[in-house]
Amino acid sequence: MAGLRLIQTYSSDSDEDKHDDKEDDKIVNKLALPDSISSWKGVSYHEEVVDDPLGHDGRIRSFKHERGNWATLVYIKYTANDCLHTWINSILNELPVQGDIISSLHISLSRTLVLKFHWIESFVEGIKLLCRQFNQFVIQLTDIKVYCNEEKTRTFLGIYCQDENGVLKCLTEALDNLLAGYQLPSFYKDTSYHISFFWCLGDKQECLKEILPSLTCSLNKFLAENMEDAYVHVNEIQCKIGNKYYAFELK
């Protein structure tokens, strides 16, 4: 209430009094935003960011960058060994398109979300409590599939992840319930859990689908010779919010 009275007083004074230009300048200077507020809780003030695809290999943002909005992703981190990296690089010459290898491998459990700053603390706590309800589990790598984002601006090759016990599905459903509380979109209905390892610009699904059988055959041969790479032991769930990373252990 005290804050409202101050606002009313300021408004009343502004209506009744007339100031010359010099006095107006003094008021503007007095009302300048303090540094302590502009960098509240370590979050620096930023001017509007104009997206430039040339600055990141032609990729286009799926949503506008706005101050106070934090790009967020929930996922399972996958650390590939040197042998798998060697296999990935060995198939590049077979691809009919130009693109890039993805260095940070993971299995997405959410879409890329837009999280408000004041939601972060409760959102992180919610995922922590959610993960305490799930035991550690194992998934198997099987074949190669092709994926395209909703905007049809990028196409991906990914290694499909088979989850015989259905833990991944239960995990994403629980996560969807958490997201609903923030009115954030749920995961894709036609869920296909995978590890994307290659991307290219545009919708190149048709030409890449033609070589999927040979790529899958090559992968299966590699996994047969390297059985330890065929399985992923999931011990924790990761979350990236802006430039901050969080890890939540499963039971």
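Residues numbered from 1 in each chain as written. Predicted model: local features only at pLDDT ≥ 70, side-chain atom pairs only at ≥ 80, totals over all residues. Heavy atoms only, no water.

Draft legend 1. View of the packing of aromatic side chains. Applying the stated criterion across every chain yields a total of eight aromatic pairs. With 5.7 Å between their ring centres and 80 degrees between their planes, Phe123 and Tyr182 make a pair best called edge-to-face. Taken as a pair, Phe123 in helix H5 (residues 120-131) and Tyr182 in the loop between helix H6 (167-180) and strand S7 (194-201) lie far apart in primary sequence, 59 residues in all. What links up through ring pairs into an aromatic cluster is the set Trp87, Phe197 and Phe222. The residue whose ring lies beneath Arg154 is Trp199, and the NZ or CZ to ring-centre distance is 5.2 Å. (Phe/Tyr/Trp six-rings, centres within 6.5 Å; stacked < 30°, edge-to-face > 60°. Helix = DSSP H or I, 4+ residues; strand = E, 2+ residues; numbered from the N terminus. Lys NZ or Arg CZ within 6 Å of the ring centre and 35° of its normal.)

Draft legend 2. Representation of the pairing of strand S1 (residues 69-77). With seven of nine residues buried, S1 lies mostly within the body of the structure. Bridging between S1 and strand S4 (residues 113-116) involves four bridges; their strand directions are antiparallel. Counterpart to Trp70 in the pairing with S4 is Leu115. As paired strands, S1 and strand S9 (residues 236-241) are joined by four bridges and run antiparallel to one another. When the bridges of S9 are listed, Thr72 appears paired with Ile241. As judged from the three bridges shared by S1 and strand S3 (residues 106-108), these two strands associate in the antiparallel manner. For Lys77, the partnering residue across the bridge sits in S3 and is His106. (Buried < 20%, exposed > 50% of the residue type's maximum accessible area, 1.4 Å probe, protein only. Pairing = 2+ DSSP bridges.)

Draft legend 3. Main features of the UniProt feature "active site" (unreviewed entry) in the protein chain. UniProt records the feature "active site" (unreviewed entry) for His106 and His194 in the present numbering. On the basis of their most widely separated C-alpha atoms, the annotated residues across 89 residues gather in one place, lying no more than 8.0 Å apart. The residues touching His106, leaving out its near neighbours within four places in the chain, are Leu73, Tyr75, Ile76, Lys77, Tyr78, His194, Ile195 and Ser196. Mapped onto the fold, His194 is located in strand S7. If we ignore the near neighbours within four places in the chain, the residues touching His194 are His106, Ile107, Ser108, Tyr147, Gly158, Ile159, Tyr160 and Cys161. Side-chain polar atoms of His194 contact the backbone oxygen of Ser192, separated by 2.6 Å. (UniProt positions renumbered as here; feature names shortened; annotations may be inferred. Contact = heavy atoms within 4.5 Å. Polar contact = N/O pair within 3.5 Å; in protein donor to acceptor, adjacent residues only side chain to side chain.)

Draft legend 4. Inspection of the pattern of salt bridges at higher detail. All told, the structure shown has three salt bridges when counted by the stated rule. The closest approach of N and O atoms between Lys128 and Glu125, which form a salt bridge, is 3.7 Å. One end of the pair is Lys128 and the other is Glu125, both in helix H5 and three residues apart, which spans about a single turn. The exposure class of Lys128 is partly exposed, given its relative accessible area of 31%. (Salt bridge = Lys/Arg side-chain N within 4 Å of Asp/Glu carboxyl O.)

Draft legend 5. How the structure looks around a nonpolar patch on the surface. Taken together, the side chains of Val138, Met227 and Tyr231 present a nonpolar region at the surface, about 260 Å² in accessible area. In this fold, Met227 is placed in the loop between helix H8 (212-225) and strand S8 (231-234). Residue classification places Met227 among the partly exposed residues on the basis of a relative accessible area of 46%. (Patch = residues over 30% accessible without salt bridge, like charges linked within 9 Å, V, L, I, M, F, W, Y side chains within 5 Å. Areas by Shrake-Rupley, 256 points an atom, 1.4 Å probe, with all protein chains shown as cover.)

Draft legend 6. Geometry of the pairing of strand S6 (residues 154-162). Of the strand pairs in this sheet, strand S5 (residues 137-148) and S6 are connected by seven bridges, and their pairing is antiparallel. In the sheet register, Lys145 faces S6, and the bridge partner there is Gly158. The antiparallel pairing of S5 with S6 creates a hairpin that spans five residues between the two strands, and Lys152 there sits at a positive phi of about 60 degrees.

Draft legend 7. Broad picture of H6. Taking 1.5 Å of rise per residue, 14 residues should cover 20 Å, and H6 covers 20 Å from first to last C-alpha, within 8% of that figure. Those residues of H6 that fall on the buried side of the exposure criterion are Val167, Leu168, Leu171, Thr172, Leu175, Asp176, Leu178 and Leu179. Where H6 is buried, its residues contact S1, S4, H5, S5 and S9. (Expected span 1.5 Å × (residues − 1).)

Draft legend 8. Summary view of the packing of H5 against H6. Contact geometry of H5 with H6 gives a least axis separation of 11 Å together with a crossing angle of 150 degrees. By the angle between their axes, H5 is roughly antiparallel relative to H6. Where H5 crosses over H6, the two elements pack in a sense that is right-handed. Mapping the contact onto sequence places Phe123, Gly126, Ile127 and Leu130 in H5 and Leu171, Ala174, Leu175, Leu178 and Leu179 in H6. Partitioning the contact of H5 with H6 into residue classes produces eight nonpolar, one polar and no charged. (Axes fitted to C-alpha atoms, helices over the stretch in contact; angles between N-to-C directions. Parallel < 35°, antiparallel > 145°, perpendicular 65-115°, else oblique. Left-handed = near helix turned anticlockwise from the far one by under 90°. Nonpolar A, V, L, I, M, F, W, Y, C, P; charged D, E, K, R; others polar.)

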